[in-house]
Each structure stands twice: as structure tokens, then as C-alpha cells.
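Survey of secondary and tertiary structure
Listed here are the chains, written in short residue letters.
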Amino acid sequence: MNESSRVEAFSDGVFAIAITLLVLQLAVVNPGRVHTAGDAWHELGHLWTAYDAYVVSFLVIGIMWLNHHTVFGYVARVDRGLLVINLVLLLVVAALPFPTALVSDWLGQPGPAEVSVAVFSAFMVAHALSFQALWWWLTRTGHLFDRRVDVEAARGTRLRFAAGTVAYPILVGLSFVSPVITLGLHFVLALYYAFNQLPIPLKSDAPADDEEAVSL
């Protein structure tokens, strides 16, 4: 394995563990109260906050992984700066089950709900900043990319990669207005980023089928 592949393999392990831990939030809170089918449906209905938090976080981590995989498909070598920034990115990814648990436990309670979604949104700000830092470091000189990447054109996409650093701080504030709507907007943003993808600019002589895209 080359240096880039080793970093990606390590990162994939962190993504896999983080996305698996999310399912631990899907647990019946009061199993001792379930005696009939009606009780079972009632308890399952009370888990709506856990369902919502799980789906949104699963989408977020999944899109993080897709973006990370795509970018590292064009990284031929790594340096210490890239390793450090990648570790910061993974720090946020590995911690995402924590705000997910807060949302799952508190979304149905006025007061704590606002706090939980604000913390979740703050983690999204941290992710946006860390991924932006990763892209800025890669495009700073371009020497870490393989020969297919058009470094000047890639450098020109920096502002579009920074879109999340604008949207997510707004959602932090909106959390204190309506936490449920804010969580819904996180879901909408995740879907938007999944389908609105920005191709990594390649040189004109690069094979056409090599071009991939990352969401912003």
C-alpha cells in the first residue's frame, strides 16, 4: 500500500466504527412497561427522536465518507500537515455518536431539545471547517495530488467547499428557535450535498472515466 492508501484505510476504519455506533441509540427506553402489542407500538412511537437522529447522522457520516474516499482517490502522497488535518477530521467523525445521542434523548423535551440540536449543529460546523482545511491544504501547492488533477482549477473551488461553514453556523442559531425544524434542515442539507456534487477538476489529458465528484 502507498502512503495515501494507508491513510484512507485507517480513516475507513474510523468511519465504519462511528457509523456502526449510531445504531446503539435505537433501544427501547422502558422495556419493563411492554406487556401487550399496544404497549409495544406505544414504546416504538416514543423512539421517533432516536429514528430521526439516527437517519440524519447516518447520512452525514455516509456523505463524509464518500467525500473523503473521492478526494483520497486523487492523493498520491501525504505529508505531516495532511495527516494532522485528517486526524482532526476523524476526531469529529468519531465523536458524532455523542451529539446524536443527545438529540435522541432530549429532542422531545423543550429546553434540552434546543441544547442538543445546537450541539449537533456545532459538530457540523467543526466537520465543515476540518474538511475545508483538508481541501485547502491539498490545493495549497498541489504537490500531494497525482498528475491527473488540475491544481489551479481545484484551487478555484475553495469557496464552494466552504459553503458548509456558512450554512451550519446559521443552524446553530436556528436550533434555539425550533430544534425539530433545524434537525429537518440538517436532513435536507445532507440530501442536497449527496446529490449536488462538485467534480474534482482534472487536466484535459486525464482519462474521462477517472473524474469523480465530491459534495460540498
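The sections below set out a description of the structure shown in this document. (Residues numbered from 1 in each chain as written. Predicted model: local features only at pLDDT ≥ 70, side-chain atom pairs only at ≥ 80, totals over all residues. Heavy atoms only, no water.)

1. Topic: the environment of tryptophan 106
Spelled out, the test is: Each helix is a run of H or I in the DSSP string that is no shorter than four residues. Each strand is a run of E no shorter than two, and both are numbered from the N terminus. When accessible area is computed with a 1.4 Å probe and restricted to protein chains, residues below 20% of their type maximum are described as buried, those above 50% as exposed, and intermediate ones as partly exposed. The contact definition used throughout considers only heavy atoms, calling two residues in contact when any of these lie within 4.5 Å.
With respect to the secondary-structure elements, tryptophan 106 resides in helix α5 (residues 97–106). Classification of tryptophan 106 as partly exposed rests on a relative accessible area of 33%. Between the C-alpha atom of tryptophan 106 and that of alanine 50, which follows or precedes it by 56 residues, the distance is 9.5 Å. With residues up to four places along the chain from it excluded, the contact list for tryptophan 106 reads Pro112, Ala113, Val115 and Ser116.

2. Here we look at the packing of aromatic side chains
The condition that has to hold: Pairing of aromatic rings covers Phe, Tyr and Trp, the last counted by its six-membered ring, and requires centre-to-centre distances within 6.5 Å; plane angles under 30 degrees mean stacked, over 60 mean edge-to-face, and any other angle means tilted. Throughout this description, the term charge over a ring refers to an Arg CZ or Lys NZ atom that lies within 6 Å of the ring centre and within 35 degrees of the ring normal.
Counted by the stated rule, this structure contains five aromatic pairs. Among the aromatic side chains, those forming a connected cluster through ring pairs are Tyr168, Tyr192 and Tyr193. Its guanidinium or amino end placed over the ring of tryptophan 137, arginine 140 lies 4.1 Å from that ring's centre, counting from NZ or CZ.

3. Details of helix α4 (residues 80–95)
Keep this limit in mind: Residue count minus one, scaled by 1.5 Å, sets the expected span of a helix. By construction, the arc corresponds to the directions joining the helix axis to the C-beta atoms.
Between its first and last C-alpha, α4 extends 23 Å over 16 residues, near the 22 Å set by a 1.5 Å rise per residue. Residues of α4 that are buried: Gly81, Leu82, Ile85, Asn86, Leu89, Leu90, Val92 and Val93. The buried residues of α4 occupy an angular sector of 170° when the element is viewed end-on, so they sit on one face. Residues of α4 that are exposed and point more than 90 degrees away from the buried face comprise Arg80 and Leu91. Where α4 is buried, its residues touch α1 (3–21), α3 (48–72), α5 and α6 (112–141).

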